[in-house]
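Structural features, examined
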Amino acid sequence: MTKKEHILIIGAGLCGSLLALQLTQLGYQVTLTEKRPDLRKAKLAAGRSINLALSNRGLKGLKLVGLEKEVESLCIPMYGRMLHNVEGEPQLSKYSGREGEYINSISRTGLNALLLDKLETYPGVEIQFEVTCTDVNLKQANASFKSAGSDSEYTLQADYIIGTDGAGSIVRQQMEKEKGFLFSHSQDFLTHGYKELTFPATKTRDYATEKGALHIWPRGENMLIALPNMDKSFTVTLFLAYEGGTYNFNNLTSEAIVEEYFKEVYPDAYKLMPDLKTEFFENPTAPLGTIRCSPWTYGKTLLMGDASHAIVPFYGQGMNASFEDVVEFDKALKETDFDVDAALKRFSEHRKPDADAIADLALDNFHEMKSHTAEEVFLAKRKLELDFEKEFPKDYHSKYSLVTFREDLPYSKAISQGRAQDLVIQEMLRKNILKPEMNLQEKLNLVREVSKKAEENELIFDL
Ligand SMILES: Cc1cc2nc3c(=O)[nH]c(=O)nc-3n(C[C@H](O)[C@H](O)[C@H](O)COP(=O)(O)OP(=O)(O)OC[C@H]3O[C@@H](n4cnc5c(N)ncnc54)[C@H](O)[C@@H]3O)c2cc1C
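Residues numbered from 1 in each chain as written. Predicted model: local features only at pLDDT ≥ 70, side-chain atom pairs only at ≥ 80, totals over all residues. Heavy atoms only, no water.

Next up on the list: the layout of surface pockets. In this structure, the second largest pocket encloses a volume near 420 Å³. As for the second largest pocket, its lining consists of 16 residues, and the residues nearest its centre are Asn 56, Leu 59, Glu 72, Tyr 102 and Asn 104. No other element matches the four residues that helix α2 (residues 56-64) contributes to the lining of the second largest pocket. Of the residues that constitute the lining of the second largest pocket, the class distribution is six nonpolar, three polar and seven charged. (1 Å grid on protein atoms, 1.4 Å probe; cavity = no way out; pocket = protein on both sides within 12 Å on 5 of 7 lines; lining within 4 Å. Points joined across faces, edges and corners; volume = space filled by probe spheres on them. Helix = DSSP H or I, 4+ residues; strand = E, 2+ residues; numbered from the N terminus. Nonpolar A, V, L, I, M, F, W, Y, C, P; charged D, E, K, R; others polar.)

Before going further, it helps to spend a moment on unusual backbone geometry. Residue Pro 295 follows Ser 294 across a cis peptide bond; omega there is -5°. Here Pro 295 is to be found in the loop between β17 (285-294) and β18 (297-298). For Ala 141, which is not glycine, the phi torsion reads 60° and is therefore positive. Note on placement: Ala 141 falls in the loop between β9 (131-137) and β10 (142-147). Positioned with a positive phi, Asn 432 is a non-glycine residue whose angle comes to about 55°. Turning to its location among the elements, Asn 432 is positioned in the loop between α13 (411-430) and α14 (440-455).

Moving on, we get to the site of the ligand. Around the ligand sit 30 residues in total, of which Glu 34, Ala 53, Arg 108, Asp 306 and Met 319 are the nearest. The separation between a nitrogen atom of the ligand and a polar main-chain atom of Cys 133 is 2.9 Å. Alone, the ligand offers 990 Å² of accessible surface; in the complex the protein occludes 90% of this. Within the residue set of the shell around the ligand, elements represented by two or more residues are α1 (14-26), β3 (51-54), β9 and α9 (318-335). The biggest single contributor to the shell around the ligand is α9, with four residues. (Near = heavy atom within 4 Å. Polar contact = N/O pair within 3.5 Å; in protein donor to acceptor, adjacent residues only side chain to side chain. Areas by Shrake-Rupley, 256 points an atom, 1.4 Å probe, with all protein chains shown as cover.)

Let us look at the side chain of Lys 443. Its location among the elements puts Lys 443 in helix α14. Buried charge without a salt bridge: Lys 443, with Asp 387 as the nearest opposite-charge side chain at an N-O distance of 7.4 Å. Discounting residues that sit within four places of it in the chain, Lys 443 has contacts with Leu 384, Phe 388, Leu 434, Lys 435 and Met 438. (Buried < 20%, exposed > 50% of the residue type's maximum accessible area, 1.4 Å probe, protein only. Lys, Arg positive; Asp, Glu negative; His and termini not counted. Salt bridge = Lys/Arg side-chain N within 4 Å of Asp/Glu carboxyl O. Contact = heavy atoms within 4.5 Å.)

Looking now at the sheet that holds β3. Strand pairing in a sheet takes place through backbone hydrogen bonds and is either antiparallel or parallel in direction. Taken in spatial order, the three strands of this open sheet run β3-β7-β4, and their pairing is antiparallel. The open sheet terminates on both sides in strands that have one partner only, identified here as β3 and β4 (76-78). For this sheet, the mean angle separating the axes of adjacent strands, direction not counted, is 35°. Pairing analysis gives four bridges linking β3 to strand β7 (residues 103-107), with the strands arranged antiparallel. Bridge pairing links Leu 52 to Ile 106 in β7. (Pairing = 2+ DSSP bridges. Axes fitted to C-alpha atoms, helices over the stretch in contact; angles between N-to-C directions.)

Time to look at the pattern of salt bridges. Applying the stated criterion across every chain yields a total of 32 salt bridges. Two residues, Asp 325 and Arg 351, come together in a salt bridge whose shortest N-O distance is 2.6 Å. Here Asp 325, found in helix α9, pairs with Arg 351, found in helix α10 (residues 340-370); they are 26 residues apart in sequence, far enough to count as distant. The pair formed by Asp 325 and Arg 351 is uniform in burial state, with each residue classed as buried. Among the ionic pairs, Asp 422 bridges to Lys 399, the shortest N-O distance being 2.8 Å. In this pair, Asp 422 is assigned in helix α13 and Lys 399 in helix α12 (residues 399-404), connecting sequence segments 23 residues apart. One exposure class covers both Asp 422 and Lys 399, and it is buried.

Our next topic: α14. In a regular helix each residue adds 1.5 Å, so 16 residues correspond to 22 Å; α14 covers 22 Å between its end C-alpha atoms and thus fits that length. Burial in α14 covers these residues: Lys 443, Leu 444, Val 447, Val 450, Ser 451 and Ala 454. Projected down its long axis, α14 carries its buried residues within an arc of 150°, all on one side. On its buried face, α14 is in contact with α11 (376-391) and α13. Phi turns positive, to about 60°, at Asn 457, one or two residues after α14. (Expected span 1.5 Å × (residues − 1). Arc of directions from axis to C-beta.)

Counting residues in each nonpolar core, the largest one holds 66 residues, and the members touching the most others are Leu 23 and Phe 329. In terms of residue count, α1 provides more of this core than any other element does, eight residues in total. When near neighbours in sequence (up to four residues on either side) are disregarded, Phe 329 contacts Leu 19, Leu 23, Ile 162, Leu 302, Met 304, Ala 343, Leu 344 and Phe 347. Grouped together as the second largest cluster of nonpolar side chains are 34 residues, Tyr 95, Ile 216, Ile 311 and Ala 359 included. (Core = buried A, V, L, I, M, F, W, Y, C linked by side-chain atoms within 4.5 Å.)

Right, let's get into the pairing of strand β11 (residues 153-157). Sheet topology note: the β10/β11 ladder contains five bridges and is antiparallel. Residue Lys 146 lies in a different strand from β11, and its bridge partner there is Glu 153. The turn joining β10 and β11, which pair antiparallel and follow one another in sequence, is formed by five residues; a positive phi near 80° is taken by Gly 149.

Below, the discussion takes up helix α5 (residues 255-265). Those residues of α5 lying buried are Val 258, Tyr 261, Phe 262 and Val 265. In an axial view of α5, the angular spread of the buried residues amounts to 90°, which keeps them on one side of the axis. Elements in contact with the buried residues of α5: β13 (184-199), β14 (214-219), β15 (222-228), β16 (234-241), α6 (267-270) and α7 (276-282).

In structure tokens:
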């Protein structure tokens, strides 16, 4: 069935490219615009994550457009967190006790290219690269663009505009300008930034460390993580404060001090980074922030993906959430019998609480990943949860599993249930309530019963 409306999508990153594909498949006339060159032909500018963790909510979006098989060849499964403490052997903490639950490391460029390649197989779609949107008329659904290398502007007229132009969204800025105080907008930066580094492949063309895990070096106020790439390298990300503490981005200013820092804090990782000193000074340091806004729609325009809800990367969910947006928008269109005006409103009202929930959780996980992952109670909780998931795969899902592997649950539900469980188990472990003489089923029954009450706020925590 052909839909007559013309939809202009601004931003051909991960969200915009998937959205363009989904709307094209539904029969809409789509124009997709992007300020950067076609990433299949040009090298991606440094400063954005090279690889990402793709999990069930993102895969659900790819399945919607029929790419679930094709994407497999780009994925490297990661079965758990490999924790590297300063002393001792690294320890794998699996993501789930159930078989077949893992996340995937995937190249950002590879995934975006897959979406664009598929999109181009539809003859009616128009994709314009190297055109920067400079202005948007939200009510009239037209936007002005400037082509690279030219000063002249041109206008594209559509029936609707969807802004998938990322955290610095010009479409969002226009909404703020027009709606004034009726548009709520917040932007909160962490005191930490990030920098990407590399473990290259070994001389024998192998991975420098275990391939099937997301590696974490939790060090209190700073942290290193590493995800595998197809070329047998790892992309390593350093999360560090801009100021304060012994070492920070502002005082790591010479090769000698960078070397001293890594040798002292990340001795095993240091040995795997022959290009550390060059990369550290060549690669950019970028900030990390959370953007919230409301409403996401005005006139004939909608915001989606990072443009409406940029989150910090500590739950590996930003892209996954953006892909799930596309699934939710598809649902809204179908539920409103393809009344696009109604679907814009329905999508933004229904989706906002879930975007807020994952934004909060990603911030919580920042603190968990840098410190708690190495604490005794956290490790004991993980062990108990993995035992529950293994023995009772249908009856128990940890918070991580609820958020990452239960794509059938909205984020808000997954997070409220997961948080209640976390609190209850940690408290029970600290107070020794889960006695050694109890069998696993009895422990599970108690955890479930108390967690349910905690989630419903029936229980003020007094175990
Ligand atoms: C360090 C880091 C690690 C991350 N790791 C993960 C992870 O493991 N898993 C995960 O799920 N998520 C992760 N994310 C989050 C993920 O990168 C984002 O959520 C995702 O890229 C959002 O996609 P998007 O299409 O909404 O925005 P973007 O990817 O930012 O795309 C926006 C596009 O719009 C274009 N654009 C911007 N302005 C204009 C304009 N005026 N005119 C035309 N085009 C324009 C941009 O060039 C860009 O191509 C990570 C983020 C960071 C920073």
